[in-house]
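This is what each chain is made of:
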Amino acid sequence: MATDATLQFRDPDAAREIADRIDALMADVGEPVNLMHVCGSHEQAIAKFGLRSMLPEGLAVRMGPGCPVCVTNMPEVDEAVALAEDGAIVATYGDMYRVPGTAGSLADASAAGADVEIVYSASEAVELAEENPGREVVFFATGFETTAAPTAAILAAGPPGNFSVLSAHKYVPPAMEVVAELPDTDVDGFLAAGHAATITGYGLFEAFVEEYEIPVVVGGFEPLDVLLGIERLLEHIDDGRAGLENAYPRCVSEEGNTAALETMWEVFETTSGEWRGIANIPDANLAVREEYAAYDARERFEIDPDVGAADPLTERCICGDIMAGTADPDECELFGEECTPRNPVGACMVSSEGTCKIWLEYGGRPDL
Ligand code: SF4
């Protein structure tokens with residue numbers, strides 16, 4: 001429900017004023033501009049509030065690899081399914097429940113009798129372990145820095161002995177580098193996710209801006225936050241500057257949550273791994289460090305997924321292109337037909353942060 005505080009950030013008159021300034025900046029820039037945001041919550045705000053209808057011709061705002069559920073790789077889902085089929089209680093966030101693995105999802109495993117529990121936090125998964133002392137409870141942990149930090153805190157605090165983590169956590173900055181280097185992805189500016197930056201701090205992006213000479217603005221998630229972030233990016237582009245700016249100062253600081261970061265890096269280390277449909281990205285997966293191996297499901301169990309054959313429709317899924325910013329959902333021939341939230345073919349149609357699901361729900365390119 002919208003409160004007085006949120007309504008300040010949804011004021012239509014203020015939105016129109018920013019949109020006018022965006023128009024003027026685009027006229028000044030005088031050529032098409034491609035912006036990328038890296039967050040499902042930004043896409044939700046853009047689609048739900050019809051913000052694309054306020055943007056001038058020639059200004060494209062696309063979603064990159066910002067949906068953690070969508071970039072969770074099929075073999076990672078297969079591992080979780082195998083653990084559930086082998087008798088562990090697998091706890092995971094609701095969005096992961098229906099994400100297809102190679103041949104099935106956790107929902108399929110549950111329907112076949114496996115014990116899969118949806119939780120809202122890592123600490124709820126620990127409660128499950130406490131309530132079931134005779135069972136192994138594996139937390140299939142997904143998400144970027146915002147959820148990796150709480151998972152780390154749970155392991156650092158010493159959970160029960162029957163609790164372990166199957167980490168599919170991801171680390172965003174290296175993925176931005178890969179997207180910036182993709183030959184077909186021509187990004188003029190990145191709108192970085194405010195909630196992840198609450199943990200990491202906006203200073204983290206300094207090295208990226210310097211290396212790639214692409215401006216980065218950290219933005220919040222209300223409609224005015226998003227429009228303001230777009231305006232700030234256009235100011236940088238118009239001035240020919242590749243700068244870094246924090247347009248979400250009410251939540252984000254330069255250094256971030258240093259205590260949470262310390263714990264996150266105490267428990268996790270980066271490792272290379274496949275981001276579903278995008279690429280093998282160096283140092284963009286978060287693996288449990290050796291010191292916490294007792295809680296690492298990959299160390300604790302022999303996980304041997306019996307994957308079988310993949311659904312042939314998955315070969316026509318263009319989720320990877322969408323997350324790389326080179327295609328929109330309505331360019332997929334399965335969009336809204338063979339692929340729907342009830343029968344998702346790709347992960348982008350499952351999660352509330354997936355571009356395909358968001359576009360199907362709200363319409364991605366409104367023409368009001
Ligand atoms: Fe993949 Fe479905 Fe999106 Fe097509 S509509 S890209 S199949 S998730």
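Before reading on, note that the structure itself is shown above.
Quick summary incoming for the structure in this document. Fair warning: this is a prediction, and the values are worked out from it, not measured in the lab. Just so you know, the residues in each chain are numbered from 1, in the order the chain's sequence is written. With pLDDT at 70 or above as the cut-off, local features in this predicted model cover only qualifying residues; side-chain atom pairs require 80 or more to be listed or tallied, and sums for whole chains, interfaces and linings still use all residues. To get the side-chain values, take all heavy atoms of the structure and skip hydrogens and water.

1. A few points about the sheet that holds strand E5 (residues 137-143)
Applied cut-off: Between any two strands, pairing holds if DSSP finds at least two bridges. Only runs of H or I of at least four residues qualify as helices and only runs of E of at least two qualify as strands under DSSP, and these elements are numbered from the N terminus. Fitted lines through C-alpha atoms give the axes, limited to the stretch in contact for helices. The angle between two N-to-C directions lies from 0 to 180 degrees.
Within the open sheet, the four strands sit side by side as E4-E3-E5-E6. Their pairing is parallel. Of all strands in the sheet, those with a lone pairing partner are strand E4 (116-119) and strand E6 (163-169), marking the two edges. When the angles between neighbouring strand axes are averaged without regard to direction, this sheet yields 25°. Relative to E5, strand E3 (residues 89-93) runs parallel, the two being bridged by four bridges. Among the inter-strand pairings, Ala91 is bridged to a residue of E5, identified as Phe139.

2. Examining the environment of Leu227
Our working rule: Buried, partly exposed and exposed residues are distinguished by accessible area as a fraction of the type maximum, computed with a 1.4 Å probe on protein chains only: under 20%, between the cut-offs, and over 50%, respectively. In what follows, a contact means two residues having at least one pair of non-hydrogen atoms within 4.5 Å.
Within the element layout of this structure, Leu227 appears in helix H12 (residues 223-239). You can call Leu227 buried: its relative accessible area is 0%. Considered as a pair, Leu227 and Leu51 are 176 residues apart in the sequence and their alpha carbons are 7.9 Å apart. Not counting residues up to four positions away in its chain, the partners in contact with Leu227 are Ala15, Ile18, Ile22, Leu51, Met54 and Leu55.

3. Side note on the pairing of strand E8 (residues 216-219)
Put simply, the rule reads: A crossover counts as right-handed when, viewed with the strands pointing away from the observer, the path leading from the first strand over the helix to the second turns clockwise.
Of the two faces of E8, both are covered, the one formed by Val216 and Val218 as well as the one formed by Val217 and Gly219. Alignment of strand E7 (residues 189-193) against E8, held across four bridges, turns out to be parallel. Bridge assignment links Ala193 to a residue of E8, and that residue is Gly219. Here E8 pairs with strand E9 (residues 244-246) via three bridges, running parallel. When the bridges of E9 are listed, Val216 appears paired with Leu244. One crossover worth recording links E8 to the parallel E9 by way of H12, and it is left-handed.

4. With respect to the packing of aromatic side chains
Counted only if it meets this: Side-chain rings of Phe, Tyr and Trp (the six-membered ring for Trp) are treated as a pair once their centres are within 6.5 Å; stacked means planes under 30 degrees apart, edge-to-face means over 60, and tilted covers the remaining angles. The rule for a charge over a ring is simple: NZ of Lys or CZ of Arg within 6 Å of the ring centre, and within 35 degrees of the ring normal.
Counted by the stated rule, this structure contains six aromatic pairs. Ring geometry for Tyr171 and Trp265: centres 5.1 Å apart, planes at 85°, overall edge-to-face. Taken together, the residues span a long stretch of sequence, with Tyr171 in the loop between E6 and helix H9 (172-181) and Trp265 in helix H13 (residues 258-267) at a distance of 94 residues. Using a relative accessible area of 28% as the deciding quantity, one classes Trp265 as partly exposed. Grouping aromatic residues by their ring pairs yields a cluster made of Phe190, Phe208 and Tyr212. When the ring centre of Phe9 is taken as origin, the NZ or CZ atom of Arg250, which lies over that ring, is 3.9 Å away.

5. Notes on the pattern of salt bridges
For clarity, the cut-off: When a carboxyl oxygen of Asp or Glu is within 4 Å of a side-chain nitrogen of Lys or Arg, the pair counts as a salt bridge.
One pass over the structure, following the stated rule, counts 17 salt bridges. Of the charged contacts in the structure, one is a salt bridge between Glu222 and Arg10, with a shortest N-O distance of 2.6 Å. Of this pair, Glu222 sits in the loop between E8 and H12 while Arg10 sits in the loop between helix H1 (4-8) and helix H2 (12-29), placing them 212 residues apart in sequence. Residue classification places Arg10 among the partly exposed positions, given a relative accessible area of 29%. Across the pair Arg62 and Asp328 runs a salt bridge, and its minimum N-O distance is 3.2 Å. Of the two residues, Arg62 sits in strand E2 (residues 59-63) while Asp328 sits in the loop between helix H15 (319-323) and helix H16 (355-362), which places them 266 residues apart along the sequence. Several salt bridges share partner residues, and in doing so they unite Arg62, Asp328 and Glu331 into one network.

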